[in-house]
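Single-letter residue listing:
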Amino acid sequence: MATGIKDKVAIIGMGCTKFGERWDMGTEHLLVEAFREALEDAGIDRKQIEAAWYGSALDSVNVGNSSIPAAMALRLEGIPVTRVENMCATGTEALRGAAYAVASGAVDIALAIGAEKLKDTGYGGLPVPYKGSLNGMWMPMGSAPAGFAQLASSYRAKYGIEKQDLKTAIGRVSYKSHKNGVKNPKAHIRKEVSMEEILRAPIIAEPLGLFDCCGVSDGAAAAIVTTPEIAHALGKMNPVTIKSIQLSVSAGRESGTGQWDGSYVPNTRNAAKKAYHEAGIQNPREQLSMIEVHDCFSITELVTMEDLGISPDGGAVKDVLDGFYDADGGVPCQIDGGLKCFGHPVGASGLRMAYENYLQLLGRAGARQLPDTRFGLSHNLGGVPFNGVAAVTVYGRERD
Amino acid sequence: MTRGILSYGAYIPALRIDRAAIAAANAWAFPSVRAKGARALANWDEDTVTMSVEAARGVSPSGIGALIFASTTPPYADLQNATLVTSALGLPIETATTDTAGSLRAGTAALLAALHTTEPASTLVTAADARRAKPGSAQELSYGAGAVAFSIGEGPVIAKLLATASRAEQFVDHYRQTGEKYDYYWEERWVRDEGYAKIIPPAIKAALEKAGVKPAEIAHFILPAMQQAVPAAIAKSCGIPAESIADNLAANCGDTGAAHGLLMLAAALEKAKPGDKLLLVTFGAGTDVLVFEATGAISNYKPTRGVAQTLAAGRIEPHYTKLLSFHGELNLDWGMRSEGSEKIPLTQQYRARGQLATFNGGKCPDCGAINFPQLASCVNCGSFAPLAQVSLVDEPAQVASYTADWLQYSPAPPLYFGLVQFDNGCRVMMEMVDVDPKQLEVGTRLRMLYRIKSLDSERHYARYFWKATPIQGA
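Predicted, not measured: the structure shown is a model, and the values here were computed from it.

Trainee: Break down the overall build of chain A for me, with residues and values.
Mentor: When its secondary structure is counted, chain A shows 15 helices and 11 strands. Against the 2.2 N^0.38 benchmark of 21 Å for 400 residues, chain A shows a C-alpha radius of gyration of 19 Å, consistent with a compact globule. A principal-axis box enclosing the C-alpha atoms of chain A has dimensions of 55 × 45 × 45 Å. Per-residue burial over chain A gives 62% buried out of 400 residues. Looking at chain A alone, contacts between residues at least 24 apart form 79% of all its contacts between residues at least 6 apart.

This is the structure in structure tokens:
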């Protein structure tokens, strides 16, 4: 009987570049910037890394496919390096690979690293999608915001919410993240915006306006993982441990049958349920000190609050408007600014969420440090609500 | 047994450009142009194949053994357009297919072939045109777009053929060389006086004599000409009653080229009473004349896709530059998102032809779920059993989710798309077209349209798939 990976893997070092329009460097250099911070934090030498997982989602705008460019950039000689890709959940996929390698006993120390160089496309937003040769024949090739905007129409229909009321609630989601991002020196966007500015911004995909969409950024993030025993030996007596990592992927039921009403993300619910079970979380609303969710679009964050079981179904609008997810609220969400303002270099984002959890749990988050952090969660989506990937990770200290 | 018209269907694109908007935009150059009414404009994703499919969905597919596609603006010079239409209609693979082109008589040429064949099976004739015209030209105002389809055969015909006559005459009133965008026209007065007025009357006389019908008996005189004076003058010279002159559909559609005579015939059939004599005349390097008589069956015949219905289903488009953009006259900056390659594997297209052309879902024999796309294992129960083919083309459906995407490139933004829930349980993420934004909501009823999915402008390939459109008034 599988026992899961709770407390079998400790995070001993993390790194994260400043996200944003990094006109100054390419993917190779971003990888190194995150890697060096993680190495220094872990207090180990590069040669102690026995295996690495490298995540990048869009090889067309990065360094190409395979793990070789990452091994080259980091000079990881003679060890297994694996490239992973699971759309925007790629970063968590890299962490999962490294964590499983340690938990299995295959290696002592492993590296997870993710990067994306999105500002080499020449235009805003994610690159035009490729969905395969059969899907390309029939599926509308909509933009990412348009894929997530679908949630809004179905959510409104399910709960009988007026267009303007939902628009205000999702605007409030972004308003909060902008406020948080100001305190994060590594964030892409560090600027408060008023509700009025948010609501009158140009429409990108109905009802999502410009401020309902996250930044598209360059950046990299890395984690070095090992066993708690080795962490102790390195002087890290109560390290941050992974309490659970769970992933759920669409197999067609949402987009191919009438069994889903379109108002939530089934993958998030599946992954959260399993992650809470693995981590031993019974009441997320009470037990979680903070959450970093996949707020690629404001409507995504709103429904995620319900999918994670923190807000009751249909109750996220009220919680958002009440400030429950604000920095001083019941469960602070996107304390680092989230995808919205920290930015979204696709392959790095899952690891960036881990980074904020890690800093907060260790009390190292500076001006944005939350009091009494105990359990943190990251939620990393890939694809679109009707055809996607959801990863939920729970973090804590080893002794919690 | 005499062959005749068994059923018909018509399709005119929903987009109607206000002619006054065209005239106003060009008034700096041509201030004296006066224009009224609206002309139909094929959407960016409509061509003579898609329009023919929409028209042909109005005729009964039973007993059809052949399909003739007529157009002077077929999308392909070599890739049989009739086969594309046949596939989309889900007609049997044994169907004999032919394209006719080359003249505004292409529609009647197809009709004549279908009427004169000795094969017992019915022939489906489709005629469509969407001609382009130089900006600022008279043709830009007068041309429309549209399609019509007739099922021709034996049996309970609504109109039987009495007689035909044709003339082949090298009279060049206009022409368009292969590969050219525009027609070149000679002076209207010469065309009227030396062309229509001299070539047509002898042929009418011959056909009416063969039919044993007197000119005064004609109840519907159908002569597609945008010059209003032409049919009037010919009716007068032939002794045909002036009140029998059929409306040329200029007000809300415009000239649909090779389809126009047939489209006007369909409109006339909508008004015809049993025993009415119908005279159809087309003109182009000669003339074709066909004399029909409406039968008793016409009293009970109600077209599912009639001319009046499709004429009324238009929406006025005030932006003339939309026409210019669709026709490649105005190259808007669509940004880098429009630069993606549209190259598609023809191998994959062929493997998936049932899904793409006929919109077949696959019914799981174990749980009954209708799968789209059809993969090798059921979306609902995971069964590996072969799926039974079920067309979604006429399956009722509604919106499950939607958005208007202003970010992604579309030749006609915004790109509407969302989950389409079919009443039979199947669900497909689909593009939505001809949308009235006020009408779109979760639960809005939808019907399916055959459209261009994408245009590969580098390799010059249009590929087709089905899209959803809100049902007006539903």
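Trainee: Pulling in residues and values, what's your account of the packing of helix α5 (residues 144-159) of chain A against helix α12 (residues 298-307) of chain A?
Mentor: All names here are of chain A. Direction vectors running N to C along α5 and α12 enclose 55°, while the axes themselves pass 8 Å from each other. Taken together, the axis directions place α5 and α12 in an arrangement best described as oblique. For α5 against α12, the interelement crossing comes out left-handed. In this structure, α5 contributes Phe 148, Ala 149, Leu 151, Ala 152 and Tyr 155 to the contact, and α12 contributes Ile 299, Thr 300 and Val 303. Grouping the amino acids of the contact of α5 with α12 by side-chain chemistry returns 7 nonpolar, 1 polar and no charged.

Trainee: If you had to explain the interface of chain B and chain A to someone new, which residues and values would you point to?
Mentor: In this assembly, 39 residues from chain B lie in contact with 33 residues from chain A. Those elements giving two or more residues to the side of chain B that touches chain A turn out to be α11 (346-351), α12 (353-357), β19 (403-405), β20 (415-422) and β21 (427-432) of chain B. The element that contributes the greatest number of residues to the side of chain B that touches chain A is β20(B), accounting for 5 residues. Per-class residue counts for the side of chain B that touches chain A are 21 nonpolar, 14 polar and 4 charged.

Trainee: An account of the pairing of strand β11 (residues 218-222) of chain B is needed here, citing residue identities and associated values.
Mentor: All names here are of chain B. Burial within β11 is extensive, with 5 of its 5 residues counted as buried. Sheet topology places β11 next to strand β12 (residues 277-283); 4 bridges connect them, and they run parallel. Looking at the pairing, Ile 218 lines up with Lys 277 of β12.

Rules behind the numbers
Residues numbered from 1 in each chain as written. Chains lettered and ligands numbered in written order. Predicted model: local features only at pLDDT ≥ 70, side-chain atom pairs only at ≥ 80, totals over all residues. Helix = DSSP H or I, 4+ residues; strand = E, 2+ residues; numbered from the N terminus. Rg over C-alpha atoms; globule rule 2.2 N^0.38 Å. Buried ≥ 20, exposed ≤ 12 C-beta atoms within 10 Å, placed from the backbone. Contact = placed C-beta atoms within 7 Å. Axes fitted to C-alpha atoms, helices over the stretch in contact; angles between N-to-C directions. Parallel < 35°, antiparallel > 145°, perpendicular 65-115°, else oblique. Left-handed = near helix turned anticlockwise from the far one by under 90°. Nonpolar A, V, L, I, M, F, W, Y, C, P; charged D, E, K, R; others polar. Pairing = 2+ DSSP bridges.

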